[in-house]
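# Overview (structure and organization)
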Amino acid sequence: MGFGVFTVVLVVLGVIALFILLYYIPVGLWITAQVTNVRVGLFELFFMRIRKVPPSIIVNSLITATKAGLKITEVEGDAKRDLRTQDLETHYLAGGNVPQVIKALISAEKANINLTFKQATAIDLAGRDVFEAVQISVNPKVINTPSVAAVAADGIQLVAKARVTIRANIQQLVGGAGEETILARVGEGIVTSVGSAASHKEVLENPDKISKLVLQRGLDAGTAFEILSIDIADVDVGANIGAKLQTDQASADLKVAEAKAEERRAMAVAEEQEMLAKAQEARAKVILAEAEVPKAIAEAFRSGNLGIMDYYKFQNIEADTDMRSSIAGSGSKKGGSGKKKD
């Protein structure tokens, strides 16, 4: 009984050890590599596991390159050498996509594009899809700009859309600007081209003028792409921006004029009130002066400078003046008896 249990434990431990051995030394993968003429040793596969590099990714990439007839060489100093598994491991450990790099190299060789392993790994580590870049270099890509609104010299707004055909520039993929920069520059060129037109009718008659002017500006400088063509897909007439601006300006001028007129009216009202106050002040002075007249007459009587007949004559003149004022309609009578004395 004890011997049977011991045997079972040994068998289980042997199976576990076998699985561990096959994991660290993938014999099946090594046999596949040998059959496809990829020279890789069992110890290399073992050390890949130790370095936490999946052997299947490295070996399968080498198998793909070998089957495609890809001859990869690396420049080391002044000499060239064949690509080694350590190069692929280094790229994987740096965070690169090894299968994409191999696919890109195969595609570039088939298309007679000069792409080295060092360039491909640099493009991949820069965050770009190196295989897609090679595809765009072989088969140019068409990108559509968003609607770009521009205003001609006559004030009419035009809304244009363009199709830009680009081809990847392998030499500029590392450090070159992307598609967003291309679209921004093309949009800026459209705005400049439309704005330089004397009339929106010129643009509608010959929309190819926009693409010609934009292409002449060299918009692909410093980018990862080469602009092959710019085609205006659609041009629509928008709002009359010039008329709207003139309307807004007229409205602003009207408000300014109304504000100035209101200011002048307020000043006139204030001046009128000031004149009324001065008139009241003058009337008060007149009333005060008139109040002094009876005192002066009384004083003249006492001093003998004024006789009774002189006083009656003065009263008749005053009554006559009041009557004439009443006939002329200049107002009510002033003080006095109003009766002519004989």
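Keep in mind that this is a model prediction, so the values were computed, not measured.

### Observations regarding the overall build of the chain
- Tallying secondary structure elements over the chain gives 13 helices and six strands in all.
- A fraction of 65% describes how many contacts in the chain between residues 6 or more apart in sequence connect residues 24 or more apart.
- Per element, the accessible surface of the chain, about 22000 Å² overall, is 58% carbon and sulfur.

### Describing the pattern of salt bridges
- Summed over all chains, the structure comprises seven salt bridges.
- The residue E292 makes a salt bridge to K295 at a minimum N-O spacing of 3.9 Å. Within this pair, E292 and its partner K295 are both found in helix α12 (residues 241-303), separated by three residues, close to a single helical turn.
- Residue classification places E292 among the partly exposed positions, given a relative accessible area of 43%.

### As for the nonpolar core
- By size, the foremost hydrophobic cluster in this structure holds 58 residues, and its most contacted members are L115, V164, I190 and V194.
- Top contributing element to this core by residue count: helix α6 (residues 98-110), with seven residues.
- In this view, V194 contacts A150, V151, A152, L158, V203 and I210; residues no more than four positions away in its chain are not counted.

### With respect to the packing of aromatic side chains
- For the structure shown, the criterion picks out zero aromatic pairs.
- One cation-aromatic arrangement involves K103 over F131; the distance from NZ or CZ to the ring centre is 4.6 Å.

### Points about the confidence of the model for the chain
- Looking at the chain as a whole, its pLDDT mean stands at 79, while 85% of the residues score no less than 70.
- Note that pLDDT drops below 50 for residues 331-342; the model gives that stretch 15 contacts with residues more than four away or on any other chain.

### A closer look at the packing of helix α4 (residues 55-67) against α6
- Remark: α4 packs on α6, axes separated minimally by 9 Å, with the N-to-C direction vectors making an angle of 10 degrees. Taken together, the axis directions place α4 and α6 in an arrangement best described as roughly parallel. Across the interface between the two elements, I57, S61, T64 and A65 of α4 pack against V98, P99, I102 and I106 of α6.
- The residue makeup of the contact of α4 with α6, split by class, is six nonpolar, two polar and no charged.

### Points about the environment of W30
- Position of W30 relative to the elements: it lies in helix α2 (residues 27-35).
- Judged by its relative accessible area of 28%, W30 is partly exposed.
- Along the backbone, W30 and L45 are 15 residues apart, and their C-alpha atoms lie at a distance of 7.9 Å.
- Apart from residues lying up to four places away in sequence, W30 is in contact with V40, G41, L42 and L45.

### Quick notes on the environment of E44
- With respect to the element layout, E44 can be found in helix α3 (residues 42-50).
- Overall, the relative accessible area of 29% leaves E44 in the partly exposed class.
- In sequence terms E44 and T85 are 41 residues apart; their C-alpha atoms lie 8.7 Å from each other.
- Once residues within four sequence positions are removed from consideration, E44 is found in contact with R39, R51, T85 and Q86.

### Overview of helix α7 (residues 117-125)
- Here α7 has its buried residues at F117, A120, T121, I123 and D124. Angularly, the buried residues of α7 cover 160 degrees about the axis, an arc narrow enough to put them on a single face.
- Among the residues trailing α7, G127 stands out with phi positive, at a value near 100 degrees.

Calculation rules
Residues numbered from 1 in each chain as written. Predicted model: local features only at pLDDT ≥ 70, side-chain atom pairs only at ≥ 80, totals over all residues. Heavy atoms only, no water. Helix = DSSP H or I, 4+ residues; strand = E, 2+ residues; numbered from the N terminus. Contact = heavy atoms within 4.5 Å. Areas by Shrake-Rupley, 256 points an atom, 1.4 Å probe, with all protein chains shown as cover. Salt bridge = Lys/Arg side-chain N within 4 Å of Asp/Glu carboxyl O. Buried < 20%, exposed > 50% of the residue type's maximum accessible area, 1.4 Å probe, protein only. Core = buried A, V, L, I, M, F, W, Y, C linked by side-chain atoms within 4.5 Å. Phe/Tyr/Trp six-rings, centres within 6.5 Å; stacked < 30°, edge-to-face > 60°. Lys NZ or Arg CZ within 6 Å of the ring centre and 35° of its normal. pLDDT = per-residue confidence, 0-100. Axes fitted to C-alpha atoms, helices over the stretch in contact; angles between N-to-C directions. Parallel < 35°, antiparallel > 145°, perpendicular 65-115°, else oblique. Nonpolar A, V, L, I, M, F, W, Y, C, P; charged D, E, K, R; others polar. Arc of directions from axis to C-beta.

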